[in-house]
Amino acid sequence: MFALAGGVYAFRGGKLLMLERRGTFMGGFWHIPGGMQDPGETPRETAERELFEETGLRPSGPLELVTATHIHGYDMDILSVRYAARCDEGEVRISDEHAAWGWIDPLEYRAQHLSDEAIAGWETRSATDGFSARANRDALDELLAWLERHGI
C-alpha cells in the first residue's frame, strides 16, 4: 500500500523553485513543493493545492505530468506524482514547513544537493533518508530528460 502525494517542479526564468524542509522527515533537504493527497483529490489537484499552500504561487499554465517516484517518509511508502509548471507571477511566501527557498538552476541543484556525496550524507543519517534522496535524484533526472524532450 502506498500513500499518494503530488508535487510541482515550478519554473520561472528557467530556474526551479526549491524549498528547504524543516522538521523530522528529511529536515534540511531541499525539495520541490508538494505533499500528501487529501480525500477526494486527484494527484494533479493535490500538486496544485500543495504548491499554493507551501509557496503562495499558482501555475501560469497547465500542470504537465513528468514522473512518479517512490519515496519513504512518515513511516510509510509514498508514491509522489510530479508535474512541471511555469509560475511566472507572484511572490514566494513559504509555509512554516520550510526554512528557506530559492530559484535554482536544475543542473546546479542536482550537482549541489543530489550528488553522490550529498546522497551519502543522507544515507549516513538513515537508510530511509538515503533511499528518498536517491529517489528524488532519479525523479530530477526524469525531469531533466523531460525538459530536453520538450526543448525547454
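A brief report on the enclosed structure follows.

Thresholds, definitions, all that
- Residues numbered from 1 in each chain as written.
- Predicted model: local features only at pLDDT ≥ 70, side-chain atom pairs only at ≥ 80, totals over all residues.
- Heavy atoms only, no water.
- Phe/Tyr/Trp six-rings, centres within 6.5 Å; stacked < 30°, edge-to-face > 60°.
- Helix = DSSP H or I, 4+ residues; strand = E, 2+ residues; numbered from the N terminus.
- Buried < 20%, exposed > 50% of the residue type's maximum accessible area, 1.4 Å probe, protein only.
- Lys NZ or Arg CZ within 6 Å of the ring centre and 35° of its normal.
- 1 Å grid on protein atoms, 1.4 Å probe; cavity = no way out; pocket = protein on both sides within 12 Å on 5 of 7 lines; lining within 4 Å.
- Points joined across faces, edges and corners; volume = space filled by probe spheres on them.
- Nonpolar A, V, L, I, M, F, W, Y, C, P; charged D, E, K, R; others polar.
- Contact = heavy atoms within 4.5 Å.
- Core = buried A, V, L, I, M, F, W, Y, C linked by side-chain atoms within 4.5 Å.

Here the focus is the packing of aromatic side chains. All chains considered together, the criterion is met by two aromatic pairs. Ring geometry for F25 and Y74: centres 4.8 Å apart, planes at 50°, overall tilted. Separated by 49 residues along the polypeptide, F25 in the loop between β2 (15-21) and β3 (30-31) and Y74 in the loop between β5 (64-73) and β6 (76-86) bring together distant segments of the chain. Between F29 and W122 the ring centres are 5.4 Å apart and the planes differ by 80°, which places this aromatic pair in the edge-to-face class. Here W122 lies in helix α3 (residues 116-125) and F29 lies in the loop between β2 and β3, a separation of 93 residues in the sequence. Here F29 falls in the buried class, since its relative accessible area comes to 3%. What makes W122 buried here is its relative accessible area of 11%. Above the ring of F52, the side-chain terminus of R58 is found at 3.9 Å from the ring centroid.

Another point: empty space enclosed by the protein. In this structure the tally under the stated criterion is one cavity of 30 Å³ or more. Here the largest cavity defines a volume of roughly 50 Å³. What lines the largest cavity is simply Y9, L16, M18, I32, R82, Y109, N136 and L140. Here the lining of the largest cavity is built from residues that sort into six nonpolar, one polar and one charged.

So, on to the side chain of N136. Secondary-structure assignment places N136 in helix α4 (residues 127-149). With sequence-adjacent residues up to four places away left out, N136 is seen in contact with F29, I71, R82 and L114.

Judged by nonpolar contacts, the single largest core of 23 residues is most densely connected at Y9, L16, M18, F29, Y109, L140 and L143. Element by element, the count of residues in this core is highest for α4, at seven residues. In contact with F29, not counting residues within four places along its chain, are L19, E20, R21, Y109, L114, W122, A133 and N136. Counting 13 residues, the second largest nonpolar core, distinct from the first, contains L17, L51, V81 and A85.

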